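# Tertiary structure, described
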Amino acid sequence: MRVFLDWLDQRTGYRGIVRSSLYENIPGGARWRYVWGSTLTFTLSVQFITGLFLWMSYSPSSQTAWESVFYIQYQMWGGWLLRGIHHYTASLMTVLLVLHLMQVVIDGAYKAPREINFWFGLGLLQLVLGLSLTGYLLPWDQKGFWATRVATNIAAIVPVVGPAIQKLVVGGADYGHHTLTRFFALHAGALPAAVIALLVWHIILFRRHGITAKVPKRKPDGYFWPDQVLMDSVACLAVMATVLFLILRPWIFGAGGDLGAELGAPADPSETYSAARPEWYFLFLFEFLKYFPGGTEIWGAIVIPSLIMGIIFLMPLLGRWRLGHRFNVGLLFSLLAGVGLLTYLATAQDKRDPAYQAAVAEAEQNAHRVKALAQSPSGIPISGAVTLLRNDPLTQGPKLFAKNCASCHRYDGHDGTGGQPKDEQVASDLHGFASRPWLSGLLDPQRISSKHYFGGTKFKDGKMVKFVNKDVAKYSAEQKEQLKKVIAALSFDAQLRSQHELELRQPEIIKEGKRLLVSEEMRCTECHRFHKDGDDPTGPDLTGYGSREWLIEFISNSAHERFYGERNDRMPAFGTKQMLDRPAISLLADWLRGDWYESKEKAELAKSPKPL
Amino acid sequence: MHENTLPENSVRRGFLKKASAVVLGALAGLIPGLAGLFVFLDPLRRKSHESGSVLVASLNSLPEDGMPRKFSVIASHTDAWTRMPEVPIGAVYLRRTGEKAVQAFNVVCPHAGCFVDFKTDQKSYHCPCHHSAFALDGLIKDSKSPSPRGLDELKVEIRNNSEIWVEFRNFQAGNAAKIPIS
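Residues numbered from 1 in each chain as written. Chains lettered and ligands numbered in written order. Predicted model: local features only at pLDDT ≥ 70, side-chain atom pairs only at ≥ 80, totals over all residues. Heavy atoms only, no water.

## So, the overall build of chain B
In plain terms, the rule: The way it works is that DSSP assigns letters per residue, a run of H or I at least four long becomes a helix, a run of E at least two long becomes a strand, and they are numbered from the N terminus. Put simply, the radius of gyration uses C-alpha atoms, and a globule should come to 2.2 Å times the residue count raised to 0.38. With a 1.4 Å probe rolled over the protein chains alone, any residue whose accessible area is under 20% of its type maximum counts as buried; one over 50% counts as exposed, and the rest are partly exposed. Only heavy atoms enter the contact rule, under which two residues are in contact if any of them lie within 4.5 Å. Methods summary: accessible areas were calculated by the Shrake-Rupley approach with a probe of 1.4 Å, and residue burial reflects only the protein chains presented. In this count, Lys and Arg are taken as positive residues and Asp and Glu as negative ones, while His and the chain termini are left out. Where a charge sits is defined by one atom per residue type, namely NZ (Lys), CZ (Arg), CG (Asp) or CD (Glu).
Along chain B, the regular secondary structure elements total one helix and ten strands. In chain B, the succession of α and β elements from N to C terminus is α-β-β-β-β-β-β-β-β-β-β. At 28 Å, chain B has a C-alpha radius of gyration far larger than the 16 Å of a compact globule built from 182 residues. Taking the principal axes of its C-alpha atoms as reference, chain B extends roughly 95 × 40 × 20 Å. Of all 182 residues assigned to chain B, the portion counted as buried reaches 34%. Taking the intrachain contacts of chain B between residues at least 6 apart in sequence as the baseline, contacts between residues at least 24 apart amount to 47%. Carbon together with sulfur atoms contributes 55% to the accessible area of chain B, which is approximately 10,600 Å² in total. Averaging the locations of the 22 positively and 18 negatively charged side chains of chain B gives two centres separated by 8 Å.

## Some points on the state of the cysteines
Using the following cut-off: In this description, the term disulfide denotes a pair of cysteine sulfurs within 2.5 Å.
Within the structure shown, the criterion is met by one disulfide over all chains. With no disulfide of its own, Cys 405 of chain A has Cys 408 of chain A as its nearest cysteine by sulfur position, at a separation of 9.0 Å.

## Re the interface of chain A and chain B
Formally: Put simply, buried area is how much 1.4 Å-probe accessible surface two parts lose in total, over both of them, once they are put together. Any Lys or Arg side-chain nitrogen located within 4 Å of an Asp or Glu carboxyl oxygen qualifies as a salt bridge. In protein, a polar contact means a hydrogen-donor-capable atom and an acceptor-capable atom, both N or O and within 3.5 Å, with residues adjacent in sequence counting only if both atoms are side-chain atoms; elsewhere, any N or O pair within 3.5 Å suffices.
Residue-level contacts link 39 residues of chain A with 30 residues of chain B. Taken together, the two surfaces of chain A and chain B that pack against each other cover about 3,000 Å², and 76% of this comes from carbon and sulfur. When the area that chain A buries against chain B is broken down by residue, the three leading residues are Tyr 71, Trp 77 and Leu 237 of chain A, summing to 23%. Viewed at the interface, chain B and chain A are joined by one salt bridge. Applying the counting criterion to the chain A and chain B interface returns nine residue pairs in polar contact (both at pLDDT 80 or more). Sorting the residues of the side of chain A that touches chain B by element identifies helix H3 (35-55), helix H4 (65-74), helix H5 (79-106) and helix H10 (224-252) of chain A as the ones contributing at least two each.

## Concerning the sheet that holds strand E7 (residues 133-134) of chain B
Residue and element names in this part refer to chain B. Defined as follows: Strands pair, by our definition, only if DSSP identifies at least two bridges between them.
On the basis of which strands lie adjacent, the open sheet formed by three strands has the order E5-E6-E7 and antiparallel pairing. Edge positions in the open sheet fall to strand E5 (117-119) and E7, since each of these has one partner strand only. In this structure, strand E6 (residues 124-126) lies alongside E7, joined through two bridges in antiparallel fashion. By the bridge assignment, His 126 is partnered in E7 with Ala 133.

## As for the packing of helix H8 (residues 162-170) of chain A against helix H9 (residues 177-209) of chain A
All names here are of chain A. Rules: In this analysis, axes come from line fits to C-alpha atoms, helices being fitted only over the stretch in contact, and the angle between any two N-to-C directions falls in the range 0 to 180 degrees. Should an angle lie under 35 degrees it is considered roughly parallel, over 145 roughly antiparallel, and from 65 to 115 roughly perpendicular; all remaining angles are considered oblique. Charged residues are taken to be Asp, Glu, Lys and Arg, nonpolar residues to be Ala, Val, Leu, Ile, Met, Phe, Trp, Tyr, Cys and Pro, and polar residues to be all remaining types, Gly included.
Taken N-terminus to C-terminus, the directions of H8 and H9 make an angle of 85°; their axes are 7 Å apart at the nearest point. In this view, H8 runs roughly perpendicular relative to H9, as classed from their interaxial angle. Residue-level contacts link Leu 168, Val 169 and Val 170 of H8 to His 178, Thr 179, Arg 182 and Phe 183 of H9. Counted by class, the contact of H8 with H9 contains four nonpolar, two polar and one charged residues.

## Considerations on the environment of Trp 201 of chain A
All names here are of chain A. Examined against the element boundaries, Trp 201 turns out to sit in helix H9. For the pair formed by Trp 201 and Ile 116, sequence separation is 85 residues and the distance between their alpha carbons is 9.9 Å. The residues contacting Trp 201, other than those within four sequence positions of it, are Asn 117 and Phe 120.

## Considerations on empty space enclosed by the protein
Residue and element names in this part refer to chain A. This is how the line gets drawn: The method works on a 1 Å grid over the protein atoms by themselves. A cavity is a set of points holding a 1.4 Å probe that cannot get out, a pocket is an open set with protein on both sides within 12 Å along at least five of seven lines, and residues with an atom within 4 Å of a point line them. Grid points are joined across faces, edges and corners, and a volume is the space filled by probe spheres set on the points.
A complete count under the given rule lists one cavity of 30 Å³ or more for this structure. Within this model, the largest cavity holds a volume of roughly 30 Å³. Around the largest cavity sit Ser 62, Trp 66, Glu 67, Trp 140, Pro 266, Ala 267 and Val 386, which together line it. Split into classes, the residues belonging to the lining of the largest cavity amount to five nonpolar, one polar and one charged.

## Things to note about the nonpolar core
The following threshold applies: Joining through side-chain atoms within 4.5 Å is the link that ties buried Ala, Val, Leu, Ile, Met, Phe, Trp, Tyr and Cys residues into a set, and such a set is a nonpolar core.
Of all hydrophobic cores here, the largest spans 79 residues; its most connected members are Val 105, Phe 118, Trp 140 and Ile 380 of chain A. Among the elements that line this core, the one with the most residues is H5 of chain A, at eleven residues. Discounting residues that sit within four places of it in the chain, Ile 380 of chain A has contacts with Trp 66, Glu 67, Phe 70, Ala 374, Ala 385 and Leu 388 of chain A together with Trp 81, Thr 82 and Arg 83 of chain B. Grouped together as the second largest cluster of nonpolar side chains are 52 residues, Phe 401, Val 472, Leu 496 and Leu 587 of chain A included.

## Quick notes on the pattern of salt bridges
Inspection of every chain in the model, using the stated rule, returns 26 salt bridges over all chains. Linking Arg 46 of chain B and Asp 42 of chain B is a salt bridge whose minimum nitrogen-to-oxygen distance equals 2.9 Å. Note on Asp 42 of chain B: relative accessible area 2%, which makes it buried. Taken together, the salt bridges that share partners define one network made up of Asp 6, Asp 9 and Arg 15 of chain A.

## Here's the deal with the side chain of Thr 43 of chain A
Within the element layout of this structure, Thr 43 of chain A appears in helix H3. Beyond its immediate stretch of four places on either side in the chain, Thr 43 of chain A contacts Thr 89, Met 93, Leu 96 and Val 239 of chain A.

## Here's the deal with the sheet that holds strand E9 (residues 156-159) of chain B
Residues and elements named next belong to chain B. Sheet architecture is open: three strands sit in the order E1-E10-E9, paired in antiparallel fashion. One side of each edge strand has no neighbouring strand; the edge strands of this open sheet are strand E1 (53-58) and E9. Neighbour to neighbour, the strand axes of the sheet diverge by 35° on average, direction disregarded. Both E9 and strand E10 (residues 163-167) contribute to a ladder of four bridges, which runs antiparallel.

Purely geometric numbers; function is a separate question.
So, in structure tokens, the structure goes:
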């Protein structure tokens, strides 16, 4: 062994290298305040390791970026942990950078002959911020997508070359495949290479000039190994423990929810996203921009930040004078206070803003939903996960309802999304439409004239209301039982998922109801058709009432002779007049019918609701 | 080094310090490394998605003389996160061996995994990569053939008198034994 090591040493001189790196002199001995540089080197290595492994499973294109990150996060062994470490280490790195900068400035470690190393450090700071900015986009979720749009649009306000810069960064006029490939090449190739180059020089120069000892020295001089290394190790472990704590937070506090880094709904340029915010350490810039009225953004986004960076750059020169050093320290603290204040203002304002809170809630709901759909048996299609939400009745139905229906109708008292429309309700509440409870209400003399049903429409004086108020109101107990069966039979035609199991158990009731429905005593078929051609019906056809096909046709044109004909009230022919296309109407119909994908556990939960 | 002159308890403390520095530092670095390693090893637990029997062709499409024809096998396929309902997942040679009997081969050469061609004039299968040759019945045609085994025969079932259903599988190449890839 000895022989081999001697052989190796003669050829590589490794002993000298090891000795010089381990037995570097530390004036005044090891101190905790010297750990920041080491923790930063450590976090960078962590990012390289985790980044490399993430790279093996990441696929940068607008149809696969979100999907591959989803796969890493939810399907691969330990993927949530790997991604969580990469994400939170990035956040902590920003904090450590600031601490390192503070230590260097306060201790005057930037002064001659260390100016150039200070500038290398500033370069590294910029590169790390660049890594954060480019990494934020890569999952291609709504948050990263919209935040990056803002960032790249800011680049476009640079005079003359701005638009060209933006186009080069985005990889074209629109955001897509090439935005991702470019950002990924920057994030995993160009920027890390530059970081390594600068870091090597940073450490070489640091070694050349030695540590800037904090005076007064508390102890005699010591060596880097093992005293300072132990402190560095403890600090690095503390950093890793913090990262793990941040990842496991929901589990530690029993809050539920996913462990690790967040993944929002897939980027969709056609969906507004009002919850767009940059990563927390860029919030101050975001807030700062609010103070610059139209046309002057360039001051807030580029000129003032550049000037400040310029002053920081000049710190070593200013620091030659006693007053200059004090100015530097003062400036650094004022800048940090300013950043802190702006960050506070940004978060405080968001906290108070109900519109932002609603947007965040919606974003979380969409993220949750798309993951459930992605994990469904039909999985993610080639067109990408973004189409899962676009074709999901549960996601699109409420929005379509609020936009197109809620000016007259209601859904469980609201506009479908939970809001209150400004227009008064003049048509029925469609929550549970065609279900047994809904129909029972329609055929209830107490309720048919209420706003919930025909109260706001011209049908409130129509034949149906008169029939219910005169005939049904006088029903005997036996007739009331018969009516229940008729309702069961009519509701059976809707083939609602919510009633499927009940209907399987009651074939007799439904059969009897069908017989009664067409019987003369119930009088339904005097005005309506039901699975039979009648002559000149005046009311809507009840064949397949509330079924998918029936509802789609009804929404398309309720004035069709199959439905209300010329007696139609104000309901527009959404399909015939091309106000909504067929897929949109189908989504609306599916949503009203409660027909959407639900994960198994959720379906089980719905079947056996827990008592409150 | 001057450590030799230090009192013994100081040397021991020095060792403790060194050991803890190494252990704590290694621990910090181990966590991200292990997380990465787990994700890296994830493919080991992934199984190939078996598609069961697949309808490949109708009996009428095969010539009476027992000459093979190549068909694509269309089935649902999952590529990591992407679920594709009906895509080609491979190809087979089908040949008639009787009125209601069909022989099926995976088109992949068992030597190194290239697609074999059927040469009508030689009435044999020929691999364009390393020149393995297989007879009409799939067996190795000459002893110099690099392939360790004949073409991989697949289970065939005739349903409803005319539908040819094939249990499509891929097998490990380069092995004398026919081992399905799972």
